[in-house]
Amino acid sequence: MKNLKDFRFEKFACPRCKSKKMIRFAWESGAELECTECGERFDEEDLISIDDPSNILSVKEKLAFIHAFKEDE
Ligand SMILES: [Zn+2]
């Protein structure tokens, strides 16, 4: 018998290379999944809430975006 969390976790594939070899890192505030194939990391929340993989930014891309935004101010 599988619970919903296991089901969700199993369907995750890397938005970049489609690998399902994702390693999960969890903290109190959330979780990230790191792809063992291409090395990119993604917020678990994004993988759950965004249907189109091309709209999912990696953690690195998000940090770069936030940084660029701050420098503009
Ligand atoms: Zn990947």
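The numbers attached to residues start from 1 for each chain and follow its sequence in the written order. Residue-level local features of this predicted model are given only where pLDDT is at least 70; pairs of side-chain atoms are given and counted only at 80 or more, and the full residue set underlies all totals for whole chains, interfaces and linings.

K.L.:
Outline the nonpolar core, supporting the account with residue identities and numerical values.
P.N.:
A general feature of soluble globular proteins is that nonpolar side chains tend to end up buried together. With 6 residues, the main nonpolar core is built from Cys14, Met22, Leu33, Cys35, Phe42 and Leu47. Non-local contacts of leucine 33, meaning those with residues more than four positions away in its chain, are made with Phe12, Met22, Ile23, Arg24, Arg41, Phe42, Glu44 and Leu47. Joined through C-beta atoms within 7 Å, a set of buried Ala, Val, Leu, Ile, Met, Phe, Trp, Tyr and Cys residues constitutes a nonpolar core. Counting other C-beta atoms within 10 Å of each residue's C-beta, where C-beta atoms are placed from the backbone, gives the exposure class: buried for 20 or more, exposed for 12 or fewer, partly exposed between. We call two residues in contact if the C-beta atoms placed from their backbones are at most 7 Å apart.

K.L.:
A description of the environment of arginine 16 should follow, citing residues and the corresponding values.
P.N.:
Put simply, DSSP marks the helices as runs of H or I at least four residues long and the strands as runs of E at least two long, and each gets a number from the N terminus on. Mapping arginine 16 onto the fold places it in the loop between α1 (4-11) and β1 (22-26). Under the C-beta neighbour-count criterion, arginine 16 is labelled partly exposed, with 16 such atoms within 10 Å. Distance in space between the C-alpha atoms of arginine 16 and cysteine 38 is 7.8 Å, their sequence separation being 22 residues. Not counting chain neighbours up to four residues away, the residues in contact with arginine 16 comprise Cys35, Cys38 and Glu40.

K.L.:
Could you give an account of the pairing of β1, naming the residues involved and the relevant values?
P.N.:
Only strands that DSSP links by at least two bridges are regarded as paired with each other. Sheet analysis places β1 next to strand β2 (residues 31-35), joined by 5 bridges and oriented antiparallel. Counted as the bridge partner of methionine 22 is cysteine 35 from β2.

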